[in-house]
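Here are the chains, one letter per residue:
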Amino acid sequence: MPAATRLPGASLDVVLPAFNEAANLPALFTQLGLLLGRLTPQWRIVLVDDGSSDDTAAVALAARAAGLPLRYVKLSRNFGKEAALTAGLALADADRVLLMDADGQHAPELIAAMHEAWLRGADMVCAVRANRDEEGPLKRFGTRLFYRFVNAFTQLHIPPDAGDFRLLDRRVVTALNSLPERNRFMKGLYAWVGYRTEFLPYTPRPRASGRSHFSISRLLHLAFTGVTAFSNLPLRIWSALGGVIAVGALAYGAWLVAEHLLYGHPIPGWPTVVVGLMFFSGVQLLSIGIIGEYVGRIFDEVKQRPVYLVALDTGNPS
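Here we summarise the structure given alongside this text.

Calculation notes
- Residues numbered from 1 in each chain as written.
- Predicted model: local features only at pLDDT ≥ 70, side-chain atom pairs only at ≥ 80, totals over all residues.
- Heavy atoms only, no water.
- Buried < 20%, exposed > 50% of the residue type's maximum accessible area, 1.4 Å probe, protein only.
- Helix = DSSP H or I, 4+ residues; strand = E, 2+ residues; numbered from the N terminus.
- Pairing = 2+ DSSP bridges.
- Salt bridge = Lys/Arg side-chain N within 4 Å of Asp/Glu carboxyl O.
- Lys, Arg positive; Asp, Glu negative; His and termini not counted.
- Polar contact = N/O pair within 3.5 Å; in protein donor to acceptor, adjacent residues only side chain to side chain.
- Contact = heavy atoms within 4.5 Å.

## Side note on the pairing of strand E3 (residues 70-75)
Then, in step 1: The buried fraction of E3 amounts to 5 of the 6 residues, a majority that puts the element mostly inside the structure.
Then, in step 2: As paired strands, strand E2 (residues 43-49) and E3 are joined by 5 bridges and run parallel to one another. Residue Val48 lies in a different strand from E3, and its bridge partner there is Val73.
Then, in step 3: With 3 bridges connecting them, E3 and strand E8 (residues 310-313) associate as antiparallel partners. Pairing of Lys74 across the sheet is with Leu312, part of E8.

See below:
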């Protein structure tokens, strides 16, 4: 929506991906109800239940029955946060869409500032962590490595400490929904679609209940998905390494022959062969593994399985 036609009362959908967040939802619903009503009369919550096994469904349906403008969508199993966000974006049809976590760590107070930035013409308003003091050293190291790895190996620039807490204009949502890939790396997709983006620093709240379901292994998997989804650089690196090794092997062979002819030194036998075979076998297996990752992703895309399946959808609130 062009900045000149943006109205304060434009409709707003809030997409909440949730996985076992029943204890955190009541407080979040209350905060959103008080805040969003001041910003626009046209708002609703789209709660995407990513296969929760707790009382997330009961809490959401009770809030809907009590009058909260909420659309509850339950996925058939746990597909992961990227799939839940994809589902929420596909269902959101408002002029603006706000993405935020259901664990209460994304401060609703920042929504007003996002609203003002959108009115000024920003197509995407992204919240960026001011610091990570509340996280352990291992997670801080893993997150820092994640952003460096992804930004170094792709042609995109993903702002460090930027997450999914962001406000999107309708045309950004339309662009994201038009992207067909099954291996979804949302942070990369936000950066790929471009558009005018503003960043707002914030400090995440502590979780009121429960624990994070994210882990270092998931972070590494997400980083590798991001690299393979947006760059062929790993393949090019191994092609270059193969060329360097081939040239080095030829140079070493020529040196051995020249040394033997000029000085009569015996050509090393068994140790040279064994070390060379082990080294080249390792390089080949590693390169085949990297190629296999790309082929596996091609296989996933060719199968054209849906990113998610919906088990229950209450539809729009009346």
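## A closer look at the pattern of salt bridges
Then, in step 1: Within this structure, the stated rule accounts for 9 salt bridges.
Then, in step 2: The shortest N-O distance in the salt bridge between Asp13 and Arg44 comes to 2.8 Å. Within this pair, whereas Asp13 is found in strand E1 (residues 12-18), its partner Arg44 is found in strand E2, the two being separated by 31 residues in sequence. For the residue pair Asp13 and Arg44, the accessibility class agrees, reading buried in each case.

## Some thoughts on the side chain of Arg96
Then, in step 1: Relative to the elements of secondary structure, Arg96 occurs in strand E4 (residues 96-99).
Then, in step 2: The buried charged residue Arg96 lacks any salt bridge, with Asp95 as its nearest oppositely charged partner at 6.3 Å.
Then, in step 3: Of the polar contacts made by the side chain of Arg96, one reaches the side chain of His115; its length is 2.6 Å.
Then, in step 4: In this structure, Arg96 is in contact with Pro8, Ala10, Ser11, Leu12, Asp13, Thr40, His115, Trp118, Leu167 and Leu168, ignoring residues within four places of it in sequence.

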